[in-house]
Amino acid sequence: MDAAFDIPTDIARTVLDPKAYGADTPVHDAFRWLRANNPLGVARLEGIEPTWLVTRHADILEISRQNDLFHSGDKSATFTTLEGDATVRAMTGGSPHLVRTLVQMDAPDHPKYRLLTQSWFLPQNIRKLEDDIREIARAHVDHMASLGGECDFVRDVALTFPLRVIMHILGVPQEDEPRMLKLTQELFSPSDPELARETDAVGGADSVEGLQATIADFFMYFKQITDARKAAPGDDLATVIANGKIDGEPISEFEAMSYYVIVATAGHDTTSSSTAGAIWGMCEYPDAFAKVKADPALIPGLVDEAIRWTTPVKHFMRSATADTEVGGRKIAKDDWLMLCYASGNRDEALFDEPDVFKPERSPNKHLAFGYGAHLCLGQHLAKMEMRILFEELMPRLNSLAFAGTPSRAEANFVGGPKRLPIRYEMT
Ligand code: HEM
C-alpha cells in the first residue's frame, strides 16, 4: 500500500469512529472530502490493519460484483482492530469470525447455503405474508394514534414493527420479543452506552468477550426453536433452516444457529432504522411529507429514499484474493477494503443533492442492500414491510413535526435513529 494514498489521520479516524455516526455530520463531511480528494485511500492508524476506504459508488459496485477477487470470509467481514481480531482468533482457534453466516462465506459454500432460503425470500413467496404484515402494521398505527399526538417514533413504532414481522417468520412467540430486541441491540450497538449489554465481561460490552456472551444467548434461544421445528415442521423460515441440507447432509447445529442469528439481526435493526429514517426525513423536509401525503403512489419512492438516506448498514469488508486494480489504485493480494455504503449512497456523481431527502428521486440506484453475490436476501421483505406500514400510516397522518432533538446510534456497522420525538395529528 503506497503511502502516497494515505488518508489524513483525522479523516480516517472519523470514518472508523462509532461516535461520528451518532453525530452524523462529521462522518458525512469526511466522506464528502474523501470522494472529492481520495476516493480509494488508505486508513493507516495505530492499532488497525491498514485499510482501503472505498467511498465512491462506482468503486463499491465494482468490488462487490467480483466475488472471486474480493472475498468476504478470509478476514473479518466487519471492521475490527488488530487487538479485536487477535482475540477472536484466539477464541475460535484461528478463525476471524465469531459466527459463520452467509455474510462470512465465499464460494463454494456461500451459494449452497444461500440456496437454502433464497426461494423463501423471493417476492412471490413473501407475498403470502402481506395480510399478516398488514395486521401488524395496523396495530402499530393504531398504537401511534392512541398516544395522543406525541411519541418517540423509534421506541413506540419503528423498533417493534419489523421485530414482530421477523419473529413471526422465525416462529418466535410474542412474549419473547423484548428479549430478542435487547440481544439485537447488544450485538449491533456494543459501543453505545445506552444500548450496550450490561456485562461483567473483561473489557466490557464492546469487547470480544461481551459479543461472545450475546451470541451465546442467541444460540441458546434458537436451539429450542430448531428442536421444535425438527419435531414438527411448519411452513415458516425456521422450518426451512432447521431441516436444511447441505451436500445431502443435515445443516450443522452451529451453522443453523448462525443462520437464525443473521436473519433475526439483519432483518430487524436495519428495517427499523430505515422506517424511522422515513419519518425523520419527512420531519426535516416538510415538503417531502406534503408530497407523499398528496400522492400515495410516492410511497415506494419514500421507502427507497429512506433506505438510501439512512443507509443503516454503514459498511462491509472485503479482502483481495489476488493483486488487482480498482479506480486506478493497485490493490495487493490480502489487502483489506471497507465498502463505505453510507458514502456511496451520497455520491454526487449519481445523486442530485445527495444530502436532501427526496421521495420523488428517480432513479434511486442506492447500494444500501449491497451488490453481487451477497446482495441482501431480505431486501424485498424489508421494502414490503415498510411499504405496508406507510400505506396504513400516511392516510391517517395529517401533520408531522419534530417534538425534540432526535439522536442516532453510535455505531460504525449497523445503526440509525435512536430517538425520534415527534408531534403529529392523526385520524
Ligand atoms: C432496510 C433493510 C436492510 C438493509 C439496508 C440490509 C442491508 C444488507 C447488506 C448491505 C447486505 C450485504 C452484505 C455483504 O455484502 O456482505 C445484506 C445481506 C443480507 N441481508 Fe440484509 N438488509 C436489510 C434487511 C434485511 C432483512 C429484512 C433480512 C431478512 C429477513 C435481511 C437478511 C440478509 C441476509 C441473510 C444477508 C446475507 C446475504 C448473503 O451474504 O448472501 N436483510 N443486507
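Residues numbered from 1 in each chain as written. Predicted model: local features only at pLDDT ≥ 70, side-chain atom pairs only at ≥ 80, totals over all residues. Heavy atoms only, no water.

Enquirer: So what's going on with helix H19 (residues 379–393)? Residues and values would help.
Expert: With 15 residues, H19 extends 21 Å between its outermost C-alpha atoms, agreeing within 8% with the 21 Å of an ideal straight helix rising 1.5 Å per residue. For H19, the buried fraction is high: eleven of the 15 residues fall into the buried class. Taken as a whole, H19 has its buried residues at Gln379, Leu381, Ala382, Met384, Glu385, Met386, Ile388, Leu389, Phe390, Glu392 and Leu393. (Helix = DSSP H or I, 4+ residues; strand = E, 2+ residues; numbered from the N terminus. Expected span 1.5 Å × (residues − 1). Buried < 20%, exposed > 50% of the residue type's maximum accessible area, 1.4 Å probe, protein only.)

Enquirer: Can you lay out the site of the ligand for me, pointing to particular residues and giving the numbers?
Expert: Neighbouring residues of the ligand: 28 residues in total, closest His110, Arg114, Arg318, His374 and Cys376. Residue Arg114 places a side-chain N or O atom 2.7 Å away from an oxygen atom belonging to the ligand. At 3.5 Å, a side-chain N or O of Tyr341 approaches an oxygen atom of the ligand. Mapped onto the shell around the ligand, the elements with two or more residues apiece are helix H6 (109–118), helix H14 (253–266), helix H15 (269–284), strand E7 (315–320) and H19. Tallied by class, the residues present in the shell around the ligand amount to 18 nonpolar, eight polar and two charged. (Near = heavy atom within 4 Å. Polar contact = N/O pair within 3.5 Å; in protein donor to acceptor, adjacent residues only side chain to side chain. Nonpolar A, V, L, I, M, F, W, Y, C, P; charged D, E, K, R; others polar.)

Enquirer: An account of the environment of Thr184 is requested, with residue identities and associated values reported.
Expert: Tracing the chain through its elements places Thr184 in helix H11 (residues 177–188). Discounting residues that sit within four places of it in the chain, Thr184 has contacts with Phe218, Thr265, His268 and Asp269. (Contact = heavy atoms within 4.5 Å.)

Enquirer: Help me get a handle on the coordination of the iron atom of the ligand, residues and values and all.
Expert: With respect to protein ligation, the iron atom of the ligand binds only Cys376 (SG), at 2.3 Å. In this fold, Cys376 is placed in the loop between helix H18 (341–344) and H19. (Donors = N, O, S within 2.8 Å, 3.2 Å for Na, K, Ca; no water.)

Enquirer: Can you break down the nonpolar core residue by residue, with the values?
Expert: Counting 112 residues, the largest nonpolar core has Met144, Phe153, Phe222, Ile279, Met282, Phe390 and Ile422 as its most contacted members. In contact with Met282, not counting residues within four places along its chain, are Ala288, Phe289, Leu302, Phe357, Phe390, Met394 and Leu400. If you look at the next biggest cluster of nonpolar residues, it comprises 21 residues, including Ile11, Ile48, Trp336 and Cys340. (Core = buried A, V, L, I, M, F, W, Y, C linked by side-chain atoms within 4.5 Å.)

Enquirer: Can you tell me about the environment of Met180, naming the residues and giving the values?
Expert: Looking at the secondary structure, you find Met180 in helix H11. C-alpha separation for the pair Met180 and Met167, spaced 13 residues apart in sequence, amounts to 8.6 Å.

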